[in-house]
Amino acid sequence: MSAPHRVRSTEPETVAQGFVAYCEELSNPTWRSRGLRCPKCESKRFVKCGMSQWGQRFLCNKCSRNFLEQTGHHTEPEKPIAGSTISSIGTTVLRVLVSGWDGPVVTKPRMNEADQAAALNFLGGLDLGRLLQAEAALAQGFITLGVPNPNQKTYRYQLRQMVDWLREQGWLPLGDVMPPKTLGGQPVGTFKDRYRHRVEGRTRRGPQSSSKQRPKPAYALRGDEISETLRAELATYRQFRRHLRPSSFEKMERELLQLLGWRHRFEGEPLECLTLAQLIPLIPMKPHYEQIAETGDLEEICCVEALLEQQQDLERNARQAAQHLDAMLNRYFEFQADCVATQHSLAQVMTNLAEFIYRDEMERFGLDRRTCTQLPIIKKLKDIQASRARLKRAKSSGKTSEQRSVPWRTVFQVLKAQQQKADEPYAYFVQVINGKEYRGRNKRPKTAIARDLQTFLMLLFFVALPPDRVQGIEALELGKSLIQGTFESGAFVPLERMADPKAAAWYIRLKANRYKTGATYGESWGLVPNVPLGQGRCFYDYLARWITEDRLVFEPDHDVLFVKTQNRLNQVRVGDPITRAAIQSYVKGAFSVYATMPIPPQTLRSMFVTYLNQVGASEAELEAAAAAMHHGRATQRAHYDRQDKLSKMQPILTLHQQLVTGQSAQCNAAETALPLTAGGWVDYRCLSDSQLRQLIQQLKRSPKETLAD
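Keep in mind it's a predicted model, so treat the numbers as computed, not measured.

(A) The overall build of the protein chain, seen in detail. Across its full length, the protein chain holds 25 helices and 15 strands. Sequence-distant contacts, at least 24 apart, represent 58% of the contacts inside the protein chain between residues at least 6 apart. Within the structure as shown, the protein chain displays about 40,600 Å² of accessible surface, and the carbon and sulfur contribution to it stands at 52%.

Encoded structure:
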């Protein structure tokens, strides 16, 4: 289908004008297709913005940068739009969409010029805003024309492309203009717009993760969308929560910006109205008596009536605000679908925010975190948090701890398999030629070997030592948190000051701000044991090989021990410092391959503590393990010991069996003891039947057997 002639004004008002404008965009070469990009953000989403004496001027839709063609960023030209694309969008709009809107129905294989003119005439009477309901009309058109399922996906894609372009031009409102694509009930965008719960996060490609978390569209507020009021509120909130680690507050801030971004993009809330006070309104518990006194010289009874009336109004407003907040969070939870853990985390973040908003009221009435449920909004948020916690437990209760983990001996098998892969310089293959199998091998790339060695070292840090949190492994930095030396008289001596450098050992030194419980336990020191790993090699040999050889393959410009090994859409380059998500991905990937179960590092901590209890570790050993894992014995028992009830009861069952067996033996010995006279001879008159039979059996035995007894 050829592109229709130009029949639109500067800003289209009807569906027909918008369709014609889009066809012109596809058929004519544009500045974007010629390889021009914004010089600031390198976006290709820009529009012409007048002429100047130096040439064409453009306005970037992403960062609002004004630039000229000469100052723009030039890349390789894009491939021209194929004619089949123009024909496909024409079929989508003029045939399927028009029939879904009860317009002229064309059933013949091809549309002639008269059919196209009739369809354009029909679309000329429809307002451009009707495209907001285009998805439903398209589905109705599929039913009317009997479009097969394989073709429906193409038509939906073409319609979304046209609507997205109209939105970029500013002719359709921003936000969820059309019902987004869904993946298992979850809305998803294009690959470049996908990321999981991040503000400026990185995109994620490839199949779904083993945790079944599906990507979300980029709906969080960006930095340039945050108003000055919201920015000031966040700064005040950060000061209020200054006891938190920066990473913890950044996580809370990300979740709040996601909620505010959802309010803007999916609920239509203006940017200037997006504030923390708008999320949780401040409603006093009781009226201020000073305000009542300022109303005038009223009688005492009038003052009491005014106080009661204001008290009732405040209580009613507080209940309504709590109900509105509950309804809003339920809509947001429905948008997040099955992310129960994220919902529970958000409920906790909102509870903390409510305590910040109501801090003056809590101080006014002497409330604390335990008694603040007298405030209706905080009570509602705590109820939501408790309900999401129950859902979270119910979701995880379908599997026992054995089904979510593997025996600790399997961890050593995975470690051994990963070690063999890191040591293997060749990749073997089998090729069939003329019915015969030929075996061969290719030399593996250095990057592949280095990537496998990094995975092996990560597993070693979780297995050779009591498993630490992912944050502790992420913080390993040569010369700072991972250092060589020895301890002499309680003082650390670095490698360069040692008399015998060959006797140096590796130590992990984590400052209080580099791990989760640092505020409680302070600076932490831990010895990296040089465990033997077979074939005459040990932990330190692999660590030295990684630092001096394989790590340099990725050309890092920092001292962090582990590095990124793959590029991610020009946002993460090879050699950048490792992240927690990447560490989890490496560990889970190794267990998926060699243990058929994606075990995250957090589960390794539970598996280790459970194993210690199963083998009967002493109280001192369990106390030492808790100290090495940076938590207390109470936390160890409550959160990391995953023994089943039978295993926990086994020690007392064994002890009880021993007691019963010993008591029975004493009773049997008392019954079979022969009565003696004062002279030490057997008193045959007092023998019972069992004792008499025992005496007869002893007399029948030979003297040698008796002496042996």
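(B) Up close: unusual backbone geometry. One non-glycine residue, Q535, lies in positive phi territory at about 60°. Position of Q535 relative to the elements: it lies in the loop between β15 (524–528) and α18 (539–548). For T596, which is not a glycine, the phi torsion comes out positive at approximately 55°. Topologically, T596 is positioned in the loop between α19 (580–594) and α20 (601–614).

(C) Representation of the pattern of salt bridges within the structure. Tallying each qualifying case throughout the model produces 25 salt bridges. Among the salt bridges present, the one from K108 reaches D115, with a minimum N-O distance of 3.0 Å. Taking the relative accessible area as the measure of exposure, D115 reaches 16% and is therefore buried. Close ionic contact of E267 with R263 constitutes a salt bridge, the shortest N to O distance being 3.2 Å. Of the two residues, E267 and R263 both sit in helix α7 (residues 246–267), four residues apart, roughly one turn of that helix. E267 gets classed as partly exposed once you look at its relative accessible area, which sits at 30%.

(D) Spatial organisation of the sheet that holds strand β12 (residues 482–488). Strand order across the open sheet formed by four strands is β13-β12-β14-β15, with antiparallel pairing between neighbours. Strands with a single pairing partner mark the edges of an open sheet, and in this sheet they are β13 (491–494) and β15. With strand direction ignored, the average angle separating the axes of adjacent strands in the sheet is 50°. Pairing of strand β14 (residues 505–510) with β15, which is carried by five bridges, proceeds in the antiparallel orientation. Looking at β15, one finds that R509 is bridged to W525.

(E) Up close: the side chain of S345. Within the secondary structure, S345 sits in helix α11 (residues 340–357). Here the side chain of S345 touches E255 through a polar contact of 2.7 Å, side chain to side chain. If we skip the residues at most four places from it in the chain, S345 touches K251 and E255.

(F) Here's a closer look at the sheet that holds strand β3 (residues 55–60). Taken together, the three strands give an open sheet; going across it, the order is β2-β3-β4, and neighbouring strands pair in antiparallel fashion. Unpaired on one side and paired on the other, β2 (46–52) and β4 (66–68) mark the two borders of the sheet. Neighbouring strand axes in the sheet, compared pairwise and without regard to direction, differ in orientation by 35° on average. When β3 meets β4, the two strands line up antiparallel, connected through three bridges.

(G) Up close: the environment of L271. Its location among the elements puts L271 in the loop between α7 and α8 (276–279). Of the residues examined, L271 reaches a relative accessible area of 27% and is grouped as partly exposed. Through-space distance from the C-alpha of L271 to that of I226 is 7.5 Å; in sequence the pair is 45 residues apart. Those residues in contact with L271 that lie beyond four places of it in its chain are L221, E225, S227 and H264.

(H) A look at helix α3 (residues 113–123). Burial in α3 covers these residues: D115, Q116, A119 and L123. All buried residues of α3 project into a common sector of 100° when viewed along the axis, lining one side. Exposed residues on α3 whose side chains face more than 90 degrees from its buried face are E113, A114 and N121. Backbone nitrogen of A114 and a side-chain oxygen of the N-cap are separated by 3.2 Å at the start of α3; the cap is N112.

(I) Just the packing of aromatic side chains, in detail. In the structure shown here, the tally under the stated rule is 24 aromatic pairs. Consider the rings of W408 and F608, whose centres lie 5.5 Å apart with planes at 55°: the pair is tilted. One end of the pair, W408, is in helix α14 (residues 408–423); the other, F608, is in helix α20, and 200 residues separate them in sequence. Like W408, the residue F608 is buried in the burial classification. Centroid distance F487 to F492: 5.5 Å. Interplanar angle 65°. Geometry classified as edge-to-face.

(J) View of the confidence of the model for the protein chain. Scored by pLDDT, the protein chain has a mean of 78; 77% of the residues are at 70 or more. Within the model, the stretch residues 1–9 combines pLDDT values under 50 with 24 contacts to residues more than four positions away or in other chains. Residue range residues 702–709 is modelled with pLDDT below 50. Its contacts to residues more than four positions away, or to other chains, number three contacts.

Analysis parameters
- Numbering of residues begins from 1 in every chain and follows the order in which that chain's sequence is written.
- With the structure being a predicted model, the display of local features is reserved for residues of pLDDT at least 70 and the display and counting of side-chain atom pairs for 80 or more, all residues being used for whole-chain, interface and lining totals.
- Heavy atoms throughout the structure, all of them, feed into the side-chain values; hydrogens and water do not.
- Secondary structure follows DSSP: runs of H or I at least 4 residues long count as helices, runs of E at least 2 residues long count as strands, and numbering of each begins at the N terminus.
- Residues count as neighbours in contact if any of their non-hydrogen atoms are within 4.5 Å of one another.
- Every accessible area reported is derived by Shrake-Rupley at a probe size of 1.4 Å, with residue values counting cover from the shown protein chains alone.
- A carboxyl oxygen of Asp or Glu within 4 Å of a side-chain nitrogen of Lys or Arg is what we treat as a salt bridge.
- Only protein chains enter the calculation, and the probe is 1.4 Å; a residue is then buried if its accessible area is under 20% of its type maximum, exposed if over 50%, and partly exposed in between.
- Paired strands, as defined in this entry, are two strands with at least two bridges between them according to DSSP.
- Helix axes use the C-alpha atoms of the stretch in contact, all axes being lines fitted to C-alpha atoms, and the angles between their N-to-C directions lie in the range 0 to 180 degrees.
- Two N or O atoms form a polar contact when they lie within 3.5 Å of each other; inside protein one atom must be a possible hydrogen donor and the other a possible acceptor, and for residues adjacent in sequence the pair counts only when both atoms belong to side chains.
- To obtain the arc, one takes the directions from the helix axis to the C-beta atoms.
- Whether two aromatic rings pair depends on their centres lying within 6.5 Å, for rings of Phe, Tyr and Trp, where Trp uses its six-membered ring; planes under 30 degrees apart make the pair stacked, over 60 edge-to-face, and the rest tilted.
- Per residue, pLDDT captures the predictor's confidence, and it can take any value from 0 to 100.

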